[in-house]
Amino acid sequence: MSFSSMEVQIVHMLNSYPALDPLMVFLSVVGEGLLWVLIGFYLYLSGSKRTAVYFGLMLLSVWVAATVLKSWLMVPRPEDVRFVVEASGYSMPSIHSGVAFAAAMFLHPIAGKYSYLLWTGALMMAVSRVFAGVHYPSDVIAGAVLGIFMGYLCIRIEAGISVYVQKREDSD
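Notes on the structure in this doc start here. (Residues numbered from 1 in each chain as written. Predicted model: local features only at pLDDT ≥ 70, side-chain atom pairs only at ≥ 80, totals over all residues. Heavy atoms only, no water.)

A closer look at the packing of aromatic side chains
Next, step 1: This model, assessed by the stated rule, comprises two aromatic pairs.
Next, step 2: Ring geometry for Phe55 versus Phe106: centroids 5.9 Å apart, planes at 40°, classification tilted. With Phe55 in helix H4 (residues 49-73) and Phe106 in helix H5 (residues 95-111), this pair connects stretches of sequence that are 51 residues apart. The residues Phe55 and Phe106 share a single accessibility class, namely buried.
Next, step 3: The ring of Tyr44 is capped by Lys49, whose NZ or CZ atom sits 5.0 Å from the centre of that ring. (Phe/Tyr/Trp six-rings, centres within 6.5 Å; stacked < 30°, edge-to-face > 60°. Helix = DSSP H or I, 4+ residues; strand = E, 2+ residues; numbered from the N terminus. Buried < 20%, exposed > 50% of the residue type's maximum accessible area, 1.4 Å probe, protein only. Lys NZ or Arg CZ within 6 Å of the ring centre and 35° of its normal.)

Points about helix H3 (residues 34-45)
Next, step 1: Helix length check: H3 (twelve residues) gives 16 Å between terminal C-alpha atoms against 16 Å at 1.5 Å per residue, within 8%.
Next, step 2: Buried residues of H3: Trp36, Ile39, Gly40 and Leu43, and no others. Looking straight down H3, one finds its buried side chains confined to an arc of 95°; they lie on one side. Residues of H3 that are exposed and angled more than 90 degrees away from the buried face: Leu34, Val37, Tyr42 and Leu45.
Next, step 3: Packing partners of the buried residues in H3 comprise helix H2 (21-30), H4, H5 and helix H6 (115-131). (Expected span 1.5 Å × (residues − 1). Arc of directions from axis to C-beta. Contact = heavy atoms within 4.5 Å.)

What to know about the layout of surface pockets
Next, step 1: In this structure, the largest pocket occupies an estimated 450 Å³ of space.
Next, step 2: Every residue lining the largest pocket is counted, 23 residues in all, and those nearest its centre are Gly31, Glu32, Trp63, Ile95 and Val99.
Next, step 3: Secondary structure elements with two or more residues in the lining of the largest pocket: H3, H4 and H5.
Next, step 4: Examining the composition of the lining of the largest pocket, we find that seven residues originate from one element, H4, more than from any other.
Next, step 5: In terms of residue class, the lining of the largest pocket is made up of eleven nonpolar, eight polar and four charged.
Next, step 6: Roughly 230 Å³ of internal volume is contained in the second largest pocket.
Next, step 7: Together, Ile39, Tyr42, Leu43, Leu107, Ile110, Ala111, Tyr114, Leu117 and Leu118 line the second largest pocket.
Next, step 8: Mapped onto the lining of the second largest pocket, the elements with two or more residues apiece are H3, H5 and H6.
Next, step 9: Residue classes in the lining of the second largest pocket are distributed as nine nonpolar, no polar and no charged. (1 Å grid on protein atoms, 1.4 Å probe; cavity = no way out; pocket = protein on both sides within 12 Å on 5 of 7 lines; lining within 4 Å. Points joined across faces, edges and corners; volume = space filled by probe spheres on them. Nonpolar A, V, L, I, M, F, W, Y, C, P; charged D, E, K, R; others polar.)

Here it is in structure tokens:
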């Protein structure tokens, strides 16, 4: 069995449980933006204005990077499956997965004992995209890798800028 035929089988298997459609639709819709706006707004209101800005820029960066990769890789979406949610364009990498894993990585250091909820939510969102018939497992894995990388990169950039700003303030 080839890797691609195994992926098709996974999509068909996950896609064959219509009783889970409401949950999977919810997870997909949540990943469309409202959740990320609410988290950014919460960060802003909690006094972490700079973190909120970095969070928003990071999510935008993941979206742009994934969109560019989609147009470069041109991987078609799965065929012959039930589409539980609407999706158009190319499949790889999954923007939903990229954004969810970027958010989990970025928020992990400040989430403390609740960080497992971020990672669980990101994983569930990724699985929901395969379940919905709009992505192959490799699409959501690629999105997760992209998101984790971008989330980590933004953590490092934020830390570097914070150190620079602190040094500037101390020297004044």
